[in-house]
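# Topology and contacts: notes
Letter by letter, the chains look like this.
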Amino acid sequence: MSRAGHARIGWEVVVGIETHVQLSTASKMFSGASTAFGAAPNVNACAVDLALPGVLPVPNRGAIERALAFGLAIGGTINRESVFARKNYFYPDLPKGYQISQYERPIVTGGALSIASDDGERSIRLTRAHLEEDAGKSLHEGLPQEAEAAVGRDGSGIDLNRAGTPLLEIVSEPDLRSAAEAAAYARRLHAFVTWIGICDGNLQEGSFRCDANVSVRREGAPLGTRCEIKNLNSFRFLELAIDYEARRQIELIEDGGSVRQETRLYDAGRNETRPMRSKEDAQDYRYFPDPDLPPLAIDEDWIERVRTSLPELPDAVRARLVTEHGITHYDAQQLTASRELAEYYERAAAALPAHDAAGFKLVANWVLGEFSAARNRDDVPIERAPVAPALLADILRHVTDGTISVSAAKTLFNEMWNAALRGATAGNVIGIVSGLVETGSATASTSSSVDAMIESLGLRQVSDVGELEALVDAVIAAQSAVVAEFRGGREKAFNALVGQVMKASRGKANPGRVSALLKAKLERSG
Amino acid sequence: MTEPFTVAGLAAALHARRISSVEATQESLARIEAAQPALNAFVTIDHEGALAAARAADVTLARGAAPPLAGVPLAHKDVLMTAGLPTTCASRMLADYVAPYDAHVVARLRDAGTTLVGKTNMDEFAMGSSNENSHFGPVGNPWNAARIPGGSSGGSAAAVAARLVPAATGTDTGGSVRQPAAMCGVTGIKPTYGLCSRYGLVAFASSFDTPGVLAQNAEDCALVLDAMAGHDARDATSVDRAPADFTRLLRRGAGARPLAGLRIGLPREYFDAGVAPDVAKAVEAALAELRALGGETVAIELPTVGHAIPVYYVLAPAEASSNLSRFDGVRYGHRAAAYADLDDLYCRTRAEGFGPEVKRRILIGTYVLSRGYYDAYYLKAQQVRRLISQDFAHALARCDVIAGPTTPAAAFALGTRVADPLAMYLGDIFTVAANLTGLPAISIPCGFDADGLPIGMQLQGRHFDEATLLDAAHRFQRATDWHRLVPSGYGR
C-alpha cells in the first residue's frame with residue numbers, strides 16, 4: 001500500500017494530522033454575516049468581521065452543535081465547559097489582531113477514527129477538536145480593477161469574506177505510520193465529517209484543509225523532531241508531501257545531520273517541501289481567555305438533542321452490511337465511502353423482492369461497478385443519479401428472475417441512465433424518463449418502464465424450452481464436426497456449441513438452459 | 001429658564017410642556033460653548049443634530065405619550081459609538097473616526113427620547129485617572145480649573161458639575177465614573193457588570209468595562225440607568241434579566257428613618273492610613289448621617305483587597321494589549337503617511353496614533369501575557385481576582401452595602417502626577433475592586449476639603465442590587481445638600 005520510497009529498512013515514519021474543517025453553517029462563528037463562498041470581496045463582512053471599534057463576538061449555536069455532533073460521533077469527551085481564547089498576532093487579514101480559538105480547554109477531547117489498513121480497520125486516536133474562526137485572505141495579485149486603482153500595482157488587497165468563518169480544528173495523535181496511512185486518515189475523516197453533515201467537504205473551496213506533522217525515527221527509538229507541513233488541500237498532495245518530507249528527514253539524518261523543528265510549505269509543482277519559518281522565529285501568540293466570551297457551557301439536554309439527531313455512523317453501517325447483508329468487509333468499506341452512496345445501496349437493496357445474501361451481493365456489485373462507473377463518467381452527484389435506487393433494484397430483479405441476462409442488464413442500465421441524463425440535461429423530461437428519475441414510491445411506474453424498455457430494446461431472454469430446443473437442434477445439425485469433437489472427448493467443444501446457440505439467438509437465449517438442453521441432447525443421442 | 005437643570009426636573013417640565021426641548025437643548029449648548037475654553041469638557045459639540053433631535057422630541061411631546069426622557073439633553077463619553085458623529089476615544093488614532101452605528105446604550109437612550117448634545121472628553125481609550133491623557137487636551141475641574149477633574153470620564157463629570165448637561169454617560173473600568181464624579185462633586189454609578197451592554201463601547205479591558213451614568217443626584221442616575229440597562233444579544237456578557245425600574249423604587253414613600261435595617265459595612269482596610277484627613281472627616285460625617293437615617297454600621301474585613309491595584313494593573317493592561325491590536329492602520333483610523341513595509345506600517349501607525357499612557361499599558365499587557373511570564377503575572381492575578389471576589393461575597397453576606405471614601409484625596413493639580421504613573425495608579429485604590437468583582441458601586445458628594453474641592457463617598461453593593469445603592473444615596477441626598485452645590489461661575 002505504501003509508495004515504498006521512504007520506507008527504508010529500520011526507519012519508521014510518524015505522522016499526526018491537524019485538519020481545519022469548515023463547518024456548514026449559514027452564518028459566521030461570531031457574527032451574522034453569510035459564509036457563502038465566491039461573493040465579491042468584502043461583501044460578506046459585517047462590522048464584527050471588520051473588527052470595527054466597539055463590536056463584540058457572539059458564538060454561533062449552529063457551529064457549536066456541529067462540534068458537539070462531531071465529538072459525539074467520534075466517541076470523544078464533550079467538555080461541559082470549554083473556553084474561547086485569543087491567539088494574538090498582527091496580520092492584515094486578521095482584523096482584530098487576534099484570532100478567537102480554543103486553547104487550553106477545547107470543546108472536544110479524545111475520540112478515535114478507524115481507517116482502512118492492510119489488516120482491516122485500524123483505530124487512529126484523536127487528541128482534540130476545537131472551535132475557531134478563520135482569517136480573511138490577502139490578495140497580492142489579480143485584484144479587482146477598482147482595488148488596484150486604489151492601492152497601485154504593487155499594492156495588496158484584503159478580502160474579509162472568509163474572516164470569521166467557523167472552523168473545527170481536529171487534531172490526531174501521531175498514530176499514523178506512513179504517507180499512505182495519513183492520506184487514508186484524511187479521506188476517512190473527510191467522509192466522516194460530510195457523513196454527519198457538519199461540513200460540505202468541498203476541497204477546492206478550502207472547506208477541508210490539512211496540516212501534517214511529520215517525524216522519523218529508527219525503529220523502537222523515541223519520537224524524532226517534527227516538521228509541520230502547512231495547508232494541504234488535496235489527499236494526493238498530502239501523501240506526496242509527507243512522502244517527500246519523510247525521505248528528506250531520513251536522508252538528512254543518515255548524512256549525519258539533524259532535523260530542525262520548523263514549519264514547511266509543500267510546492268506541488270516541484271514535489272518538495274520548503275522551510276517557511278523555524279521554531280526560533282515562531283511567534284509568541286500570548287493566548288489568554290477571551291474576556292468577551294464567557295466559558296462555553298454545554299448541558300446534558302443539549303448533548304442529548306444533538307445525539308438523537310445523529311445519523312447512523314459509517315462504522316455501524318459497515319458492521320451491519322457485513323453481518324446482516326453478508327457483504328465482504330472490503331465492499332462494505334467501499335459502499336460507505338459516503339453517506340449518499342451507502343444510502344443509495346441500502347435503498348436499492350431494500351427495493352429487492354427477496355432480501356438474501358445473493359441479492360445484496362448483486363446490488364453491491366452493481367453499485368460499486370456499473371453505477372459508480374457511470375456516475376464517475378458523467379460526473380453526476382448520487383442524489384441526482386439518473387437511475388434511482390428503486391430502478392436499479394427493478395433492473396436487477398429482472399436478472400434474478402431470468403428475464404434478462406447480466407449483459408443485457410448492463411445494456412438496459414446504460415440505456416436508461418443515458419436517456420434520463422439526456423432528458424435531464426435537455427430540460428425536456430419526457431414521460432418515460434420522469435418515471436426513471438423518480439425514487440421510492442414510483443416502483444410501479446419504473447417497473448412498467450423497465451419492462452417497456454426491455455421489450456423495445458429486445459433484451460428479453462429466451463427461456464422457453466420449445467424455442468430453445470429448436471435452436472439447439474439446428475446447431476447440432478449444422479455443427480456435426482464440432483459435435484464429433486465433443487464426443488471424441490474434447491470438452492471445450494461443448495462451449496463452442498453453447499456459443500453457437502447463443503449467437504443464433506442473438507444473445508437472448510438463457511445460457512443456463514441452453515447448456516442443460518444441449519448436454520441432455522448430446523448425451524441422449526450419443 | 002427657571003426649571004431645575006436635572007434629568008427629573010427637565011423631564012417633568014418637558015412632559016408638562018412648561019418648556020420645550022429646543023429651549024432646554026439650546027441652554028445646554030450655550031452653556032457648553034461658554035464653558036469650553038475653561039473646561040474643554042467636550043470633544044464634539046453637535047448643535048445641528050441636537051437641535052434637530054430636540055425639535056423631533058417637541059413634536060413627540062406635543063402628541064403626548066412621549067418616552068420618559070423625551071427632549072432631555074444628554075452627553076455621551078467619546079468612547080461610545082454614535083452613528084454619524086465622530087467617536088475619537090480622545091486618541092489621535094481615531095481623531096477622524098465616524099462610527100457607522102450606535103452603541104447599545106446610546107441607542108437605548110436615543111429611544112428613551114434624550115437629545116444628544118455632544119461627546120465628552122476623556123483619557124485616551126479610557127486609560128487614566130486625571131483626564132490628562134487626551135489627544136484633545138486636559139479637562140479643567142469646574143471647582144478649580146487648575147485641578148484635574150479625575151478620569152477617565154473627566155469630561156462627563158466636569159460637564160455635569162458645571163451644569164452643561166443634566167447628565168452624561170461614562171464608562172468605568174477601574175473607577176472611571178466614580179473617581180471623576182467624586183472629584184467634581186457629582187453622583188456617579190457604575191452598575192453591575194452585565195447590566196448594560198458593552199456593544200459599541202470601545203473596549204479597554206473587556207472583563208472590567210462597564211457603562212455608567214454621571215448626574216447631579218441618585219434619582220437622575222436611576223432615571224438614566226433605567227433607560228440604559230437591558231439585555232443585548234450582541235454582547236455575550238450582557239445579562240438577560242427583568243428590568244428593575246430603579247426610579248419607581250426611589251419614589252416610593254419613606255418615613256423618618258428610611259434606611260432602617262440597612263447594614264453598612266465599614267472595611268478596616270478603607271479607613272487606615274493613606275486617606276487624606278479632610279476626606280476621612282467628610283466620610284465619617286456622611287456615615288453619621290446614614291446612621292441618623294436608620295442605617296447600622298458594622299465592621300467588616302476585606303483581607304485581600306490590598307492586592308486590588310497590582311491585580312488590576314496586570315489584568316486590565318493584558319486585555320487592553322489585545323483589544324487595541326485592531327488599531328493597525330489597515331482598515332480605519334490613523335495610518336502613518338510613509339512606511340517601508342508591513343511591520344513598519346504597524347510600528348509607525350501605532351507609535352504616532354497612541355499616546356504615552358496607552359503605549360505603557362500595551363507594553364505592560366504584552367509583557368504579562370508573554371510566554372514565560374503568563375503564569376507568574378496573568379494567571380496569578382486571575383487567581384487573586386477570584387480571592388478578592390470571595391472576600392467581597394463574604395463581606396456582603398454580613399452587610400448590605402460597603403461604604404468608604406471614593407478616592408484617598410480630592411483632585412490634585414494638573415500636571416503634578418504625569419511623571420509618576422505609579423502614584424496615579426494608587427489613586428484608584430478604592431475603586432478598582434468593584435471592577436475586579438463586577439459589583440455595582442456609586443459615588444455621592446459628601447463634603448469639601450480645605451481647598452474647596454469636592455469629596456465623594458462610595459457605596460458598593462451586591463450583584464444587580466443597584467436598587468439598594470441608589471436608595472441609600474437618594475435618602476442621603478434628601479437629607480443633605482452637598483450634591484446641590486454648584487461651582488462658582490457655573491450657576492444659572
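Structure: above.
## Brief notes about the overall build of chain B
From N to C terminus, chain B includes 16 helices and eleven strands. Here chain B has a C-alpha radius of gyration of 21 Å; the compact-globule value for 492 residues is 23 Å, and the two agree. With the C-alpha coordinates aligned to their principal axes, the bounding extent of chain B is approximately 70 × 55 × 45 Å. Here chain B holds 492 residues, and the buried ones make up 65% of them. Of all intrachain contacts in chain B linking residues separated by at least 6 positions in sequence, the fraction that spans at least 24 positions is 76%. When the accessible surface of chain B is totalled, it reaches about 16500 Å², and 55% of it is carbon and sulfur. Taken together, the 44 basic and 48 acidic charged side chains of chain B have centroids lying 3 Å from each other.

## Some points on the sheet that holds strand 16 (residues 288-289) of chain A
All names here are of chain A. Spatially, the three strands line up as an open sheet ordered 5-4-16, and their pairing is antiparallel. Every interior strand has two partners, whereas the edge strands, strand 5 (98-102) and strand 16, have only one. Alignment of strand 4 (residues 84-88) against strand 16, held across two bridges, turns out to be antiparallel. Its bridge partner being in strand 16, Arg86 is matched across the sheet by Phe288.

## Points about the pairing of strand 14 (residues 262-267) of chain A
All names here are of chain A. Of all the six residues making up strand 14, five are buried; the element is thus mostly covered by neighbouring parts of the structure. Bridge analysis of strand 13 (residues 227-232) against strand 14 gives four bridges, and the strand direction is parallel. Paired with Lys230 across the strands is Leu265, a residue of strand 14. Considered for its hand, the β-α-β crossover made up of strand 13, helix 5 (residues 235-254) and strand 14 is left-handed. Relative to strand 15 (residues 272-278), strand 14 runs antiparallel, the two being bridged by six bridges. Opposite Asp267, over in strand 15, you have Glu272 as the bridge partner. The antiparallel pairing of strand 14 with strand 15 creates a hairpin that spans four residues between the two strands, and Asn271 there sits at a positive phi of about 45°.

## Description of the interface of chain A and chain B
On the side of chain B, 37 residues touch chain A, which itself brings 32 residues to the contact. Carbon and sulfur atoms supply 57% of the area that chain A and chain B bury against each other, a total of about 2800 Å² over both sides. The largest contributions to the chain A side of the interface with chain B come from A:Pro53, A:Phe90 and A:Arg286, which together make up 23% of the buried area. Here chain A is connected to chain B by one salt bridge.

## A few points about the nonpolar core
B:Phe125, B:Phe327, B:Phe392, B:Met457, B:Leu459 and B:Leu470 are the most contacted members of the largest nonpolar core, which totals 127 residues. When neighbours within four sequence positions are excluded, B:Phe392 is seen to be in contact with B:Tyr270, B:Leu302, B:Val305, B:Ile402, B:Ala433, B:Thr437, B:Leu439 and B:Gln460. Core analysis: the next-biggest nonpolar cluster, separate from the first, contains 109 residues, A:Met29, A:Trp195, A:Ile303 and A:Ala348 among them.

## Here we look at the state of the cysteines
What the rule picks out here adds up to zero disulfides over all chains. The cysteine B:Cys221 is free of any disulfide, with B:Cys196 supplying the nearest cysteine sulfur at 12 Å.

## Remarks on the packing of helix 9 (residues 277-292) of chain B against helix 16 (residues 466-479) of chain B
Residue and element names in this part refer to chain B. Put simply, helix 9 and helix 16 touch, their axes get as near as 10 Å, and they point 100° apart. Between helix 9 and helix 16, the angle is such that the two are roughly perpendicular. Facing helix 9, whose interface residues are Ala286, Glu289 and Leu290, helix 16 presents Ala472, Phe476 and Ala479. Of the residues that constitute the contact of helix 9 with helix 16, the class distribution is five nonpolar, no polar and one charged.

## So, the side chain of A:Ser31
Residue and element names in this part refer to chain A. Locating Ser31 in the fold gives a position in the loop between strand 1 (11-22) and helix 1 (47-50). Given the relative accessible area of 10%, Ser31 is considered buried. From its side chain, Ser31 meets the backbone nitrogen of Ala33 in a polar contact 3.3 Å long. Sequence-distant contacts of Ser31, defined by excluding residues within four places in its chain, comprise Cys46, Val48, Asp49 and Val58.

## Considerations on a nonpolar patch on the surface
On the surface, a nonpolar cluster with roughly 280 Å² of combined accessible area is contributed by B:Tyr367, B:Tyr373 and B:Tyr377. Considering the arrangement of structural elements, one finds B:Tyr377 in helix 13 (residues 375-398).

## Structural notes on helix 3 (residues 47-63) of chain B
Residues and elements named next belong to chain B. Between its first and last C-alpha, helix 3 extends 24 Å over 17 residues, near the 24 Å set by a 1.5 Å rise per residue. Buried residues of helix 3: Ala50, Leu51, Ala54, Ala57, Asp58 and Leu61, and no others. Down the axis of helix 3, the sector holding all buried residues measures 120°, keeping them to one side. Summarising the geometry of helix 3, the exposed residues directed more than 90 degrees from the buried face are Glu48 and Arg63. Elements that come into contact with the buried residues of helix 3 comprise helix 1 (7-15), helix 2 (21-39) and strand 3 (115-120). Trailing helix 3 by a residue or two, Gly64 shows a phi angle of about 85°, which is positive.

## Some details on unusual backbone geometry
Residue and element names in this part refer to chain B. In this model, Gly151 is joined to Ser152 through a cis peptide bond whose omega is 5°. Take Ser152: it is sitting in the loop between strand 3 and helix 5 (154-161). Positive phi, normally seen in glycine, also occurs at Arg17, with a value near 60°. Structurally, Arg17 can be placed in the loop between helix 1 and helix 2.

## Re helix 9 of chain B
Residue and element names in this part refer to chain B. Given a rise of 1.5 Å per residue, 16 residues ought to cover 22 Å, and the 23 Å separating the end C-alpha atoms of helix 9 matches this to within 8%. Every buried residue of helix 9 is listed here: Val279, Ala282, Val283, Ala286, Leu287 and Leu290. With its buried residues spanning 140° around the axis, helix 9 presents them on a single face. Exposed residues lying more than 90 degrees from the buried face of helix 9 are Pro277 and Lys281. Directly after helix 9, the chain includes Gly294, whose backbone phi takes a positive value near 115°.

## Some remarks on the pattern of salt bridges
In total, this model carries 59 salt bridges over all chains according to the counting rule given. Among the ionic pairs, A:Glu300 bridges to A:Arg80, the shortest N-O distance being 2.6 Å. Placement of the pair is A:Glu300 in helix 6 (residues 300-309) and A:Arg80 in the loop between strand 2 (77-78) and strand 3 (81-82), with a sequence separation of 220 residues. Among the residues examined, A:Glu300 registers a relative accessible area of 42% and is labelled partly exposed. Overall, the relative accessible area of 40% leaves A:Arg80 in the partly exposed class. A:Arg490 is paired through a salt bridge with A:Glu485; the nearest N and O atoms lie 2.4 Å apart. Owing to a relative accessible area of 44%, A:Arg490 belongs among the partly exposed residues under this scheme. A single salt-bridge network, built from bridges that share partners, covers A:Arg86, A:Asp290, A:Asp292, B:Arg198 and B:Asp235.

Conventions adopted
- Residues numbered from 1 in each chain as written.
- Chains lettered and ligands numbered in written order.
- Predicted model: local features only at pLDDT ≥ 70, side-chain atom pairs only at ≥ 80, totals over all residues.
- Heavy atoms only, no water.
- Helix = DSSP H or I, 4+ residues; strand = E, 2+ residues; numbered from the N terminus.
- Rg over C-alpha atoms; globule rule 2.2 N^0.38 Å.
- Buried < 20%, exposed > 50% of the residue type's maximum accessible area, 1.4 Å probe, protein only.
- Contact = heavy atoms within 4.5 Å.
- Areas by Shrake-Rupley, 256 points an atom, 1.4 Å probe, with all protein chains shown as cover.
- Lys, Arg positive; Asp, Glu negative; His and termini not counted.
- Charge placed at Lys NZ, Arg CZ, Asp CG, Glu CD.
- Pairing = 2+ DSSP bridges.
- Right-handed = clockwise from strand over helix to strand, strands pointing away.
- Buried area = accessible area lost by both parts, 1.4 Å probe.
- Salt bridge = Lys/Arg side-chain N within 4 Å of Asp/Glu carboxyl O.
- Core = buried A, V, L, I, M, F, W, Y, C linked by side-chain atoms within 4.5 Å.
- Disulfide = S-S within 2.5 Å.
- Axes fitted to C-alpha atoms, helices over the stretch in contact; angles between N-to-C directions.
- Parallel < 35°, antiparallel > 145°, perpendicular 65-115°, else oblique.
- Nonpolar A, V, L, I, M, F, W, Y, C, P; charged D, E, K, R; others polar.
- Polar contact = N/O pair within 3.5 Å; in protein donor to acceptor, adjacent residues only side chain to side chain.
- Patch = residues over 30% accessible without salt bridge, like charges linked within 9 Å, V, L, I, M, F, W, Y side chains within 5 Å.
- Expected span 1.5 Å × (residues − 1).
- Arc of directions from axis to C-beta.

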